[in-house]
Structures are given as C-alpha cells and as structure tokens.
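So you can see what is in the structure, the chains are spelled out below.
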Amino acid sequence: MPDGAATATPDPRIGEVLVTEEQLATRVRELGEEISRDYAGRDVLLVGVLKGAVFFLSDLMRHLEMACEVDFMAVASYGSSTDCSGVVRILKDLDVSIEGRDVLIVEDIVDSGLTLSYLLRTMRARQPASLEVCALLTKPERLKVDLPIRYTGFEIPNRFVIGYGLDYAQKYRQLPFVAVLAD
Ligand code: 5GP
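Residues numbered from 1 in each chain as written. Predicted model: local features only at pLDDT ≥ 70, side-chain atom pairs only at ≥ 80, totals over all residues. Heavy atoms only, no water.

Student: I tried to follow the sheet that holds strand 1 (residues 14-19) on my own but got confused; where do I start?
Tutor: Pairing between sheet strands relies on hydrogen bonds along the backbone, with the strands arranged either parallel or antiparallel. What the three strands build is an open sheet, ordered 1-9-8; its pairing is antiparallel. The open sheet has two edge strands with one neighbour each: strand 1 and strand 8 (161-162). Relative to strand 9 (residues 178-181), strand 1 runs antiparallel, the two being bridged by three bridges. Counted as the bridge partner of Ile-14 is Leu-181 from strand 9. (Pairing = 2+ DSSP bridges. Helix = DSSP H or I, 4+ residues; strand = E, 2+ residues; numbered from the N terminus.)

Student: Looking at this structure, how should I read the site of the ligand?
Tutor: The environment of the ligand is formed by 16 residues, the closest being Ser-112, Gly-113, Thr-115, Val-161 and Asp-167. Within the contact set of the ligand, an oxygen atom lies 2.5 Å away from a side-chain nitrogen or oxygen of Ser-112. Contact between the ligand and Val-161: a nitrogen atom at 2.7 Å from a main-chain N or O atom of the residue. Calculation on the ligand without its partners gives an accessible area of 510 Å², and the protein chains cover 86% of this total. Where the shell around the ligand is concerned, the elements lending two or more residues are strand 5 (102-110) and helix 3 (114-124). Sorting elements by how many residues they give to the shell around the ligand places strand 5 first, with four residues. (Near = heavy atom within 4 Å. Polar contact = N/O pair within 3.5 Å; in protein donor to acceptor, adjacent residues only side chain to side chain. Areas by Shrake-Rupley, 256 points an atom, 1.4 Å probe, with all protein chains shown as cover.)

Student: Explanation requested: the sheet that holds strand 2 (residues 43-50) in the structure shown.
Tutor: What the six strands build is an open sheet, ordered 4-3-2-5-6-7; its pairing is mixed. Edge positions in the open sheet fall to strand 4 (88-92) and strand 7 (151-155), since each of these has one partner strand only. Averaged over all adjacent pairs, the angle separating strand axes in this sheet is 30°, with direction ignored. On the sheet, helix 1 (residues 21-38) packs against strand 5, strand 6 (130-138) and strand 7 and is oriented at approximately 160° with respect to strand 7. Most of the contacts of helix 3 go to strand 5, to which it runs at about 165°, and overall it touches strand 2, strand 3 (67-77), strand 4, strand 5 and strand 6. (Axes fitted to C-alpha atoms, helices over the stretch in contact; angles between N-to-C directions. Contact = heavy atoms within 4.5 Å.)

Student: When you look at the pattern of salt bridges in this model, what are you seeing that I'm missing?
Tutor: Here the idea is simple: oppositely charged side chains can pair when their charged atoms come close. The tally for this structure, following the rule as stated, stands at 14 salt bridges. The partner of Asp-111 in a salt bridge is Lys-139, and the shortest N-O contact between them spans 3.5 Å. Separated by 28 residues along the polypeptide, Asp-111 in the loop between strand 5 and helix 3 and Lys-139 in the loop between strand 6 and strand 7 bring together distant segments of the chain. Asp-111 sits in the buried class, given a relative accessible area of 16%. Between Asp-167 and Arg-173 there is a salt bridge whose closest N-O contact spans 3.6 Å. Residue classification places Arg-173 among the buried positions, given a relative accessible area of 13%. (Salt bridge = Lys/Arg side-chain N within 4 Å of Asp/Glu carboxyl O. Buried < 20%, exposed > 50% of the residue type's maximum accessible area, 1.4 Å probe, protein only.)

Rendered as structure tokens:
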C-alpha cells in the first residue's frame, strides 16, 4: 500500500453476521441436492424474483442435476423500504408460459409472506403442472399467512438483513454473507 493511503474503514451499517459465506455455500449445495432428487427426470422452470434472488438462484442452479430453465419476475410492494404492505405490483412478468410446467419459485427472503402469497395466487391461475417455493431465508416470527414453502435455507430472527442479494436502498447486495443492517 502506498505511504499515507487510508485503510478501508469497516462500514458501520454492516452489523452482526447471521449466515456466513461457508454456511451459505453448504446449505445451497444441500438444497440443490434435495431439489435434484425430488425433480429427477423432470424439466423444471425456476422463477427468480428480481433482484435479490439472482445471487441465490445462480448458485443454486449450479447444483441442480435435472433439466432446468430460468425466468424472472420483478415485483414491487407499496410501502416503505423496510416494511411490506402486502399490495404487490408486477413490474416485469415472465417471458414464457408456465401452463403445464413444473415451476419452482426461488425467493431470497420471506418476511410477512404477503409478496409470495400474491405471487403464488397469480401463478396458480396460470395452471402450472406443479408449483413449489424455495426460499433462502424465512422469518417465522413475522409470517402473517400460511405458505407452502417446500424448501427453506435458513430461519432467521426478526431483523432486517443485507447481503447475498439482499439490499438496503439498493446497496450491500454484493456482500458474500447475510448480516443485520445496523442502526
Ligand atoms: P414479505 O412480502 O414477505 O413481507 O417481504 C417481501 C420482500 O420484502 C422481500 O422479497 C424482500 O424484498 C423484502 N424484505 C423483507 N425482509 C427483508 C430483509 O430483512 N432484508 C431485505 N433486504 N429485504 C427484505
């Protein structure tokens, strides 16, 4: 380092690490193996929910052994950035039809569950052959609706988290771990 250059100061907004990089890698591989067993011989459409799920989805997909394709949806919930109102708007719809297909929704985080509940309703109406959910993180204390989440990575406490795709005001997605957003 050149003389006089400042060392990077740690970002004070990055709080306690709840899930480390190693824990993420291990669990994502396990989920990939479980999904590969369950869907062996089938052709699955993975639906990623933009933008947060992109990181998880791309890592997960590398552990899937059955034939699979990927498509994305973007949704926005009305409300503040740290609290979901449950009113959801589709910003980007799927490019392909899901009728008669085996569909697996890949979500970064399920908080109240209202966004996912809306997505499931919308997608069920399109008559897929099967529809399941794989969520990296869930906050059981916050869940307001009963949701059929077939695959869960980690259950976390009721904290606002960042990293591994999860943002705060569009920042921090690139962190390789999941941490609490510090006040
Ligand atoms: P829900 O509808 O389940 O309450 O939450 C929907 C969305 O809120 C998630 O897909 C995510 O975009 C956002 N969200 C909920 N909790 C967190 C969190 O702890 N951190 C981040 N970055 N986003 C969250």
